Amino acid sequence: MTRAAQRPQPALRPEAIGFLDALVIGLAATSPAYSLAAVIGPVVALVGVHAPGVVLASFVPMLLIAGAFAALNRADPDCGTTFSWVTHAFGPTTGWIGGWAITTTGVLVLGSLAEVGVRFTLLALGLDSWEASTPLVVALSVALVVGMSALCVLGTELSARLQNGLILAQTLALAVFAVVAVVRGVRGDTPSGGLVPSWSWLDPSGAGGAALTGGLLLGVFAFWGWESAVNLTEETRDPLRAPGRAGVLATVVLLLTYLGVAVAVVSFAGTGFLAGNADEEEAVFALLSTDVLGGWDWVVLLAVATSAIASTQTTIIPASRTALSMARRAALPAPFGSVSERYRTPDVSTWWVAGVAVAWYVGVHLVSENALLDSITALSLLIALYYALTGLACAWWFRRRLTRSARDLLLLGIGPVAGAAVLLWLLVLSARDLADPANSYGGQAWFGLGPPLVIGVGVVVAGVLLMLLWRWRDGRFWQERPGAAGDPPPAS
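Residues numbered from 1 in each chain as written. Predicted model: local features only at pLDDT ≥ 70, side-chain atom pairs only at ≥ 80, totals over all residues. Heavy atoms only, no water.

### Focus on the overall build of the protein
Scanning the protein from N- to C-terminus turns up 20 helices and zero strands. Considering the protein as a whole, with its 492 residues, one finds that 56% of them fall into the buried category. The long-range fraction of contacts in the protein, counting pairs at least 24 apart against all pairs at least 6 apart in sequence, stands at 80%. When the accessible surface of the protein is totalled, it reaches about 19200 Å², and 66% of it is carbon and sulfur. (Helix = DSSP H or I, 4+ residues; strand = E, 2+ residues; numbered from the N terminus. Buried < 20%, exposed > 50% of the residue type's maximum accessible area, 1.4 Å probe, protein only. Contact = heavy atoms within 4.5 Å. Areas by Shrake-Rupley, 256 points an atom, 1.4 Å probe, with all protein chains shown as cover.)

### Observations concerning empty space enclosed by the protein
For the structure on display, the rule yields four cavities of 30 Å³ or more. At the level of elements, helix H2 (19-30), helix H3 (32-47) and helix H6 (92-124) are the ones that each hand at least two residues to the lining of the largest cavity. At five residues, H6 tops the list of elements feeding residues into the lining of the largest cavity. Of the residues assigned to the lining of the largest cavity, the class counts are nine nonpolar, nine polar and one charged. Empty space within the second largest cavity amounts to approximately 70 Å³. (1 Å grid on protein atoms, 1.4 Å probe; cavity = no way out; pocket = protein on both sides within 12 Å on 5 of 7 lines; lining within 4 Å. Points joined across faces, edges and corners; volume = space filled by probe spheres on them. Nonpolar A, V, L, I, M, F, W, Y, C, P; charged D, E, K, R; others polar.)

### As for a nonpolar patch on the surface
On the surface, a cluster of nonpolar side chains totalling about 380 Å² of accessible area is made up of Phe90, Leu392, Trp396, Val417 and Leu424. Broken down by secondary-structure element, the contributors of at least two residues to the nonpolar patch are helix H18 (379-397) and helix H19 (406-434). Tracing the sequence through the fold places valine 417 in helix H19. Residue valine 417 is classed as partly exposed on the basis of its relative accessible area of 34%. (Patch = residues over 30% accessible without salt bridge, like charges linked within 9 Å, V, L, I, M, F, W, Y side chains within 5 Å. Salt bridge = Lys/Arg side-chain N within 4 Å of Asp/Glu carboxyl O.)

### Brief notes about the packing of helix H15 (residues 316-328) against helix H16 (residues 347-367)
Closest axis-to-axis distance for the H15/H16 pair is 8 Å, and the angle between their directions is 125°. It follows from the interaxial angle that H15 and H16 lie oblique. In this structure, H15 meets H16 at a crossing whose hand is right-handed. Between H15 and H16, the contacting residues are Ile316, Ala319, Ser320, Ala323 and Leu324 on the first element and Ser349, Thr350 and Val353 on the second. (Axes fitted to C-alpha atoms, helices over the stretch in contact; angles between N-to-C directions. Parallel < 35°, antiparallel > 145°, perpendicular 65-115°, else oblique. Left-handed = near helix turned anticlockwise from the far one by under 90°.)

### Overview of the nonpolar core
Residues Trp96, Phe223, Trp224, Trp226, Leu379, Tyr387 and Leu423 are the most contacted members of the largest nonpolar core, which totals 141 residues. In contact with tryptophan 224, other than residues within four places in its own chain, are Ala29, Thr30, Thr105, Val109, Leu379, Ile383, Tyr386 and Tyr387. (Core = buried A, V, L, I, M, F, W, Y, C linked by side-chain atoms within 4.5 Å.)

### Focus: the side chain of serine 58
With respect to the helices and strands, serine 58 occurs in helix H4 (residues 51-75). The class of serine 58 is buried, set by a relative accessible area of 0%. In contact with serine 58, other than residues within four places in its own chain, are Gly215, Leu216, Gly219, Val220 and Phe223.

### Considerations on the environment of alanine 418
As for its position among the elements, alanine 418 is in helix H19. Since its relative accessible area comes to 32%, alanine 418 is described here as partly exposed. Sequence separation between alanine 418 and glycine 391 is 27 residues, and the spatial gap between their C-alpha atoms is 8.2 Å.

Below you can see the structure in the form of structure tokens.
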């Protein structure tokens with residue numbers, strides 16, 4: 001064996017970022033402006049003025065699962081998060097599927113986030129003719145993914161500094177938009193006459209059960225991504241507490257942001273406009289920006305652009321760190337565990353995530369734009385799956401502590417299980433709804449089912465096949481056994 005082969009693999013750079021950096025990355029990963037723009041129209045179409053209430057209801061399972069992430073991170077501060085924790089709680093096979101779900105969500109959405117960033121940047125610059133050119137937009141989107149991947153490899157500190165600037169830009173832009181919109185809405189100075197905000201808007205049940213369920217599915221997607229802060233646990237100062245707290249606080253900040261903007265948009269535009277443009281996806285902000293801000297409409301376009309660009313980078317983080325963690329445990333080929341000696345970042349896994357994401361984005365784009373949008377819709381299945389697994393793993397991991405105090409019972413048992421139960425319920429309902437081809441973007445059937453369900457199930461099946469293949473090639477990881485409650489986490 002050569003000396004090079006004997007050289008130990010460098011670790012991720014410890015204490016590269018602080019609590020505020022982790023918080024910003026957790027916020028940026030959700031892409032607040034883009035998420036709001038994408039879901040506000042469809043949510044209003046389902047529940048009308050009760051859209052803020054649906055946002056509030058969607059926050060509850062997210063907060064409960066964020067608490068589970070924080071508790072498990074204190075017990076096992078591993079950058080693989082769900083993969084490591086579920087493996088320890090339920091065994092290698094379930095843990096591998098959880099890790100696969102995290103990684104593939106990043107792959108499915110990365111190119112689309114980049115495209116939104118490119119389109120809204122071009123619109124903000126007044127380059128509408130460029131934005132209308134699909135080949136140009138696709139090429140620029142691929143370039144953005146490559147550029148953001150390079151920044152991820154160059155260092156977590158550099159990534160954090162960029163995210164600080166981007167989150168500040170979109171937060172200020174959203175604040176300006178929301179304040180102007182709600183003031184004009186209250187005054188009736190809007191094309192629709194405006195609506196005066198009411199406390200009744202915070203009642204999520206006002207539109208009925210079926211509408212609430214559909215709204216919750218969209219709300220969960222809007223909150224997804226905050227756990228990127230926890231994936232950086234091995235690179236954060238105070239790794240046992242800071243990443244988990246950053247994840248929990250990120251969900252709270254997102255709630256306040258989403259509520260403020262949702263109330264402002266409904267007050268200004270009314271339910272008719274938003275419901276009528278529900279199919280426009282993120283373009284609803286582009287349609288509203290001129291009405292709200294006039295010649296300053298570029299402010300809103302900039303908010304969505306910076307939001308999507310920031311999320312393009314931060315979405316790489318959980319996928320690459322999960323792949324790194326899996327490789328360290330021999331759940332993936334060893335090269336995925338490579339860490340750059342110079343930059344102390346996961347270089348190989350980062351470039352693999354970027355490469356597969358670009359191939360998926362370009363390949364599906366060639367099939368049709370509807371297929372690309374359907375692949376984003378399929379994310380809800382994978383998101384609900386790994387969040388629910390994490391909540392259940394938390395309760396099982398700490399099961400011997402649940403009788404020690406009411407606090408432990410609530411925070412480590414009842415809360416995570418309740419959050420997981422809600423998400424599993426939404427997972428089943430989402431699968432049922434997505435099975436109907438009418439709920440896809442093109443309205444066409446694949447194998448008699450809706451394309452989003454086919455894509456979601458196909459991703460899981462592909463993961464199972466790859467897992468079986470790797471287990472046949474190298475079965476070391478599957479020799480691990482679930483740990484008993486209170487046992488130290490397995491060595492990484």
